[in-house]
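Per-entry structural report
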Amino acid sequence: MARVHNFSAGPAALPESVLREAADELVDFRGSGMSILEMSHRSSAFQEVIDDAEATLRRVAGIPQTYRVLFLQGGATLQFAGVPMNLMRRGGAGYVVTGLFSKKAQQEAMRYGKVEVLATGEGCGFSRIPDLAPIEQRATAGDLDYIHICQNNTVYGTMYHELPRCGEVPLVADVSSCFLSMPLDIERYGLVYAGAQKNAGPAGVTVVIVRDELLIQDPALPCCPTYLDYRQQANAGSMLNTPNTFGIYLCGKVFKWVEDHGGLAGMEARNREKARLIYEALDRSRVFHPFAEPGSRSISNVTFRCTTPELDAAFIAGARERGIEGVKGHRAVGGMRASIYNAVSLEDVQALVAYMEEFEKSHRSN
Ligand SMILES: *Cc1c(COP(=O)(O)O)cnc(C)c1O
């Protein structure tokens with residue numbers, strides 16, 4: 001069976017070899033006579049699976065022992081509450097609003113303490129990342145519990161090409177759609193979190209990586225549910241309750257696939273090349289218009305549109321006929337979005353660009 005060119009924003013493409021391995025092991029996991037789906041999370045076989053997943057991730061992303069790795073549920077959305085409930089100890093945090101998810105994170109945090117919007121891209125319709133200078137300036141007072149950013153804006157197709165320098169204030173980043181897409185300098189952050197379904201595995205697993213020190217200093221807020229208490233989850237090895245066993249197993253396989261395909265440096269090189277092909281097609285086009293401004297363009301999600309919504313619809317319908325799926329833009333922006341996560345190959349992107357050129361030719365002349 002032919003697989004489509006999958007540009008879905010999430011849940012998204014997974015490496016075919018990972019899916020085939022999981023299929024092979026599904027009914028009888030490594031001679032146990034059971035599926036991984038049927039096995040106790042307290043079994044030694046599953047303990048090995050979760051330990052392996054963590055160890056592989058630590059190797060691939062260079063995560064030192066001073067950071068804890070958690071595999072939780074509830075998506076990145078639950079961490080919009082988890083972050084303030086754990087870290088808003090003095091009652092105030094700074095948020096940078098660069099799109100849909102950072103706005104949701106900011107609004108959720110307001111339920112737990114004082115939230116200051118340090119910068120917003122609303123004025124330009126979120127087509128670029130705001131200037132970092134005022135954020136860095138505000139950090140120097142040192143009174144904020146943390147500064148929250150969304151590093152790659154999945155809906156608008158923008159990303160930070162450099163991180164704000166926050167001094168003593170911990171930087172917290174939602175990295176859902178850029179996790180494992182390029183090297184991660186974890187020591188620049190106090191905490192990062194990512195819903196796995198963009199680049200790291202199936203829906204239902206959220207990876208949280210947090211500096212140990214932040215868990216030791218102070219407890220979570222009294223309103224924090226036990227499940228969301230990072231310190232308790234870290235002490236329980238992410239198993240305060242039944243974790244998403246199958247999801248963690250599949251994430252482990254994706255981490256291994258990343259390691260075997262050049263690691264994060266290899267992923268970045270390929271992602272930059274894939275992004276370059278599409279942005280170059282957009283920049284020379286008279287039919288398509290890129291959404292994100294050049295200095296803020298994402299290498300995970302490429303957003304663009306035609307001159308009219310009717311043309312957008314025609315492009316999306318024609319894509320489907322050619323086995324190109326998932327290019328419809330988010331309803332907040334319209335147009336198109338090509339999500340080019342790690343498992344999307346150069347050949348997939350070449351097929352998309354070839355179709356864009358074909359569409360361009362047939363719509364430029366009339
Ligand atoms: C998809 C996404 C989310 C929401 O993730 P859920 O796992 O559905 O809660 C949050 N932030 C970013 C950057 C995303 O891409």
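Keep in mind that what you see is a predicted model, and the values were worked out from it rather than measured. (Residues numbered from 1 in each chain as written. Predicted model: local features only at pLDDT ≥ 70, side-chain atom pairs only at ≥ 80, totals over all residues. Heavy atoms only, no water.)

**Observations regarding the pattern of salt bridges**
Per the counting criterion, the structure on display carries 24 salt bridges. One salt bridge in this structure joins D212 and R68, with 3.5 Å as the shortest N-O distance. Of this pair, D212 sits in helix α6 (residues 212-217) while R68 sits in strand β2 (residues 67-72), placing them 144 residues apart in sequence. For E360, the salt bridge identified is with R364, shortest N-O distance 3.4 Å. With E360 and R364 both in helix α11 (residues 346-364) and 4 residues apart, this pair spans about one turn of that helix. Looking at R364, the relative accessible area reads 37%, which means it is partly exposed. (Salt bridge = Lys/Arg side-chain N within 4 Å of Asp/Glu carboxyl O. Helix = DSSP H or I, 4+ residues; strand = E, 2+ residues; numbered from the N terminus. Buried < 20%, exposed > 50% of the residue type's maximum accessible area, 1.4 Å probe, protein only.)

**Regarding the nonpolar core**
Core analysis: the largest hydrophobic core is formed by 58 residues, its most contacted members being L57, F71, I147, F179, I209 and F255. The element contributing the most residues to this core is helix α8 (residues 245-260), with 8 residues. Leave out the neighbours within four places in its chain, and I209 touches I63, Y67, R68, V69, F179, L184, I186, G190, L191 and V192. If you look at the next biggest cluster of nonpolar residues, it comprises 31 residues, including I278, I299, I316 and M356. (Core = buried A, V, L, I, M, F, W, Y, C linked by side-chain atoms within 4.5 Å. Contact = heavy atoms within 4.5 Å.)

**Here we look at the sheet that holds strand β11 (residues 288-290)**
Strands pair in a sheet through their backbones, by hydrogen bonds, and they do so in one of two ways: parallel or antiparallel. On the basis of which strands lie adjacent, the open sheet formed by 3 strands has the order β11-β12-β14 and antiparallel pairing. Of all the strands in the sheet, just β11 and β14 (336-339) have a single pairing partner and so form its edges. Within this sheet the neighbouring strands show an average axis-to-axis angle of 35 degrees, counted without direction. One ladder, built from 4 bridges, connects strand β12 (residues 301-306) with β14; its direction is antiparallel. When the bridges of β14 are listed, V302 appears paired with A338. Where helix α10 (residues 309-321) meets the sheet, it contacts β11, β12 and β14, and its direction lies at approximately 125 degrees from that of β12. Together, β11, β12 and β14 form the strand contacts of α11, whose direction differs from that of β11 by roughly 130 degrees. (Pairing = 2+ DSSP bridges. Axes fitted to C-alpha atoms, helices over the stretch in contact; angles between N-to-C directions.)

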